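Chain by chain, the residues run as shown.
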Amino acid sequence: MKHTLLEPREARRPPAAALTAASAQPVLSTALVIEHESNREILEAIDHAHQQLVAAEIAELVGIIRAADRWEIDHEAVGAGIERLIQPGHDGTPQVAEFLALELGALLGVSQKTALGRIGDALDLRHRHPELWEAVLAGSVRVWQAMKICFECSHLAYRAARKVDAAIATSVGMLPWARVMKALPGQIIQADPDLAMQREQGRRDSRRIRVSPIEDGHVNLFGVVDAADGIKFNEVLNHVATLFSAKPDTALLRDVDRRRSLAFGIITQNAYNGLANDQPGFALPSPTQVGASSPADTVVRKPIDCTLIVHISSDDPALSANESSSATGVARVEGWGPLLTARLPEFLAGAKVTLRPIIDPAGLRPVDCYETPTKMRFALEQRNPVDIFPYATTKASNCDADHTVAYVKGRPGQTRLGNLGPVSRKAHRAKTHGKWTLSQPTPGVYHWTSPHGYRYTVTAAGAIRITTPEPEADCYSSAR
């Protein structure tokens, strides 16, 4: 298979910076200021430069693979012990001659160790993640993103890595990168639950809390603790921090992070006093201890509230397994990450558990009011868990339930799933006032058009860009 760089498009304007053909050295110059250049032309130039960057990364990756495949091995040197065959990749990848890294490192200006890692990464990608490899060659996934996934899967056996590759193939390149990486730990656990159980046990054996030496009058904390204990401690910190209002404005009360650090000190001091006096209790500091000149509005008492949402698939093997079975799937603790389903009894010990099945959207009738009913809002967030703007990452629970077609008072049935979508405030402003347009041809499928004609389709599975923009005449321009 032959791979070449993308052919340059006909440029209406010369690039601001380019590589000279003779020296292949970057030409460092100030950006050209071109009068009467439209916004569309600027965006097209950026798009063209980005495509060339992606193509160059792919060409280098393919070159490394070709070198690994075709490098002539000096069998006499290998037999004499001068050169060795080594496996720079992980399970399921071939061996290469070790001197290849010397040649490649010098060529790329990196150490031989770094060069060997680059070879191993390339081999991991092609052999252990073939679908991801094809996505990289197609330009839909950046090389660095693919290498990050390969690294996270490096501890898996070949077959398990292939399972992750198959699971991630439908989302990578469509979902925002943050969402891909958020889903990856659960897919890794699902690929080899037994290994995940072993790794969890190893992590359990390495639990610790460490305190650094004093630096600038403070210490750093680091620890590995049980998941349930860590989440509870986080909630206790949040709760104690919220006992203090933001007024008066003092150094210790100025923001949530500082109030959490203050809460840590309060919790520790109370525990210390209780142990020292054999009288455990909880006492809040006086206003003057937190820098307040007046006791008014410093402490606001309220009960603690810790609610976790755990998502479990109805076909999870742990739900039907007997006591002697180790079969387990993966549960997702919303806002925290994946957990083996078999660990839930221990994780939820002592908690009040409420089972709430996912609502069937077909059973939700449209309503006439502007406000979205609670059940409909919950169903919307399950269907579209994040902001529906292209490649956005804001959680749906932090978004507005936006009417795709603007609500008109008195018109019946406008508030329905087929006319709603979670939209962040910024995207909402862009839609309402920024000349972005949005349609929802079928429930959960959104079509966005930017002011300059670039079009995107967004679903729960991610976003794709429709490569042909609308004609310039139909686009908003800042010159208008």
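Model, not experiment: these values are computed from the prediction.

Draft legend 1. Looking closely at the overall build of the protein. Secondary structure assignment for the protein yields 15 helices and 13 strands. Here the protein holds 480 residues, and 34% of them are scored as buried. In the protein, the proportion of contacts linking residues at least 24 apart, taken out of those at least 6 apart, comes to 54%. With the model as given, the accessible surface of the protein reaches about 29,600 Å², and the carbon-plus-sulfur share is 55%.

Draft legend 2. Seen up close, helix 1 (residues 39–70). Its 32 residues give helix 1 an end-to-end C-alpha distance of 46 Å, which sits within 8% of 46 Å, the value for a rise of 1.5 Å per residue. Residues of helix 1 that are buried: Arg-40, Glu-41, Asp-47, Val-54, Ala-55, Ile-58, Leu-61, Val-62, Ile-64, Ile-65 and Ala-68. Looking at the buried residues of helix 1, the elements they touch are strand 2 (96–97), helix 3 (100–108), helix 4 (112–128), helix 5 (130–137), helix 6 (143–152) and strand 13 (462–466).

Draft legend 3. Broad picture of the sheet that holds strand 5 (residues 310–311). Within the open sheet, the three strands sit side by side as 5-6-7. Their pairing is antiparallel. Every other strand in the sheet has two partners, leaving strand 5 and strand 7 (337–340) as the edge strands with one partner each. Summarising the sheet, strand 6 (residues 330–333) and strand 7 pair through four bridges and their orientation is antiparallel. Looking across to strand 7, one finds that Val-333 is bridged to Gly-337. In this fold helix 8 (residues 177–191) packs onto strand 6 and strand 7, with an angle of close to 20° to the strand it touches most, strand 7.

Draft legend 4. A look at a nonpolar patch on the surface. A contiguous nonpolar patch, built from Ile-209, Val-211, Ile-214, Val-219, Leu-221, Val-225, Phe-233 and Phe-264 and spanning about 750 Å² of accessible area, is present on the exposed surface. Locating Leu-221 in the fold gives a position in strand 4 (residues 221–224). Since its relative accessible area comes to 48%, Leu-221 is described here as partly exposed.

Draft legend 5. Region of the structure containing the packing of helix 4 against helix 6. One can describe the packing of helix 4 onto helix 6 by two numbers: an axis separation of 10 Å at closest approach and a directional angle of 85°. Judged by the angle between their axes, helix 4 and helix 6 are roughly perpendicular. Within the contact between the two elements, helix 4 uses Asp-121, Ala-122, Asp-124 and Leu-125 and helix 6 uses Ala-146, Met-147 and Cys-150. Here the residues of the contact of helix 4 with helix 6 sort into five nonpolar, no polar and two charged.

Draft legend 6. Highlighting the environment of Ile-309. Tracing the chain through its elements places Ile-309 in the loop between helix 11 (256–277) and strand 5. A sequence separation of 27 residues divides Ile-309 from Trp-336, and the C-alpha atoms of the two residues are 9.8 Å apart.

Draft legend 7. How the structure looks around helix 3. Those residues of helix 3 lying buried are Leu-100, Ala-101, Leu-104 and Gly-105. Along the axis of helix 3, the buried residues cluster in a sector spanning 120°; they form a single face. Facing away from the buried surface of helix 3 by more than 90 degrees, the exposed residues are Glu-103, Ala-106 and Leu-107. Lining the buried residues of helix 3 we find helix 1, strand 2 and helix 4.

Draft legend 8. A look at the sheet that holds strand 12 (residues 455–459). Strand order across the open sheet formed by four strands is 10-11-12-13, with antiparallel pairing between neighbours. Strands with a single pairing partner mark the edges of an open sheet, and in this sheet they are strand 10 (437–442) and strand 13. The mean angle between the axes of side-by-side strands here comes to 25°, regardless of whether they run parallel or antiparallel. Two elements, strand 11 (residues 445–449) and strand 12, share four bridges in a ladder whose sense is antiparallel. Bridge pairing links Trp-448 to Tyr-456 in strand 12.

Draft legend 9. Representation of the nonpolar core in the model. With 41 residues, the main nonpolar core has Leu-61, Ile-119, Leu-125, Val-136, Ile-149 and Leu-184 as its most contacted residues. Of all the elements in the fold, those that place two or more residues in this core are helix 1, helix 3, helix 4, helix 5, helix 6, helix 7 (158–168) and helix 8. Contact partners of Leu-61, with chain neighbours within four places excluded, come to Ala-122, Leu-125, Trp-133, Val-136, Val-143 and Met-147. With 18 residues, the next largest nonpolar core counts Leu-417, Val-423, Leu-438 and Tyr-456 among its residues.

About the criteria used
Residues numbered from 1 in each chain as written. Predicted model: local features only at pLDDT ≥ 70, side-chain atom pairs only at ≥ 80, totals over all residues. Heavy atoms only, no water. Helix = DSSP H or I, 4+ residues; strand = E, 2+ residues; numbered from the N terminus. Buried < 20%, exposed > 50% of the residue type's maximum accessible area, 1.4 Å probe, protein only. Contact = heavy atoms within 4.5 Å. Areas by Shrake-Rupley, 256 points an atom, 1.4 Å probe, with all protein chains shown as cover. Expected span 1.5 Å × (residues − 1). Pairing = 2+ DSSP bridges. Axes fitted to C-alpha atoms, helices over the stretch in contact; angles between N-to-C directions. Patch = residues over 30% accessible without salt bridge, like charges linked within 9 Å, V, L, I, M, F, W, Y side chains within 5 Å. Salt bridge = Lys/Arg side-chain N within 4 Å of Asp/Glu carboxyl O. Parallel < 35°, antiparallel > 145°, perpendicular 65-115°, else oblique. Nonpolar A, V, L, I, M, F, W, Y, C, P; charged D, E, K, R; others polar. Arc of directions from axis to C-beta. Core = buried A, V, L, I, M, F, W, Y, C linked by side-chain atoms within 4.5 Å.

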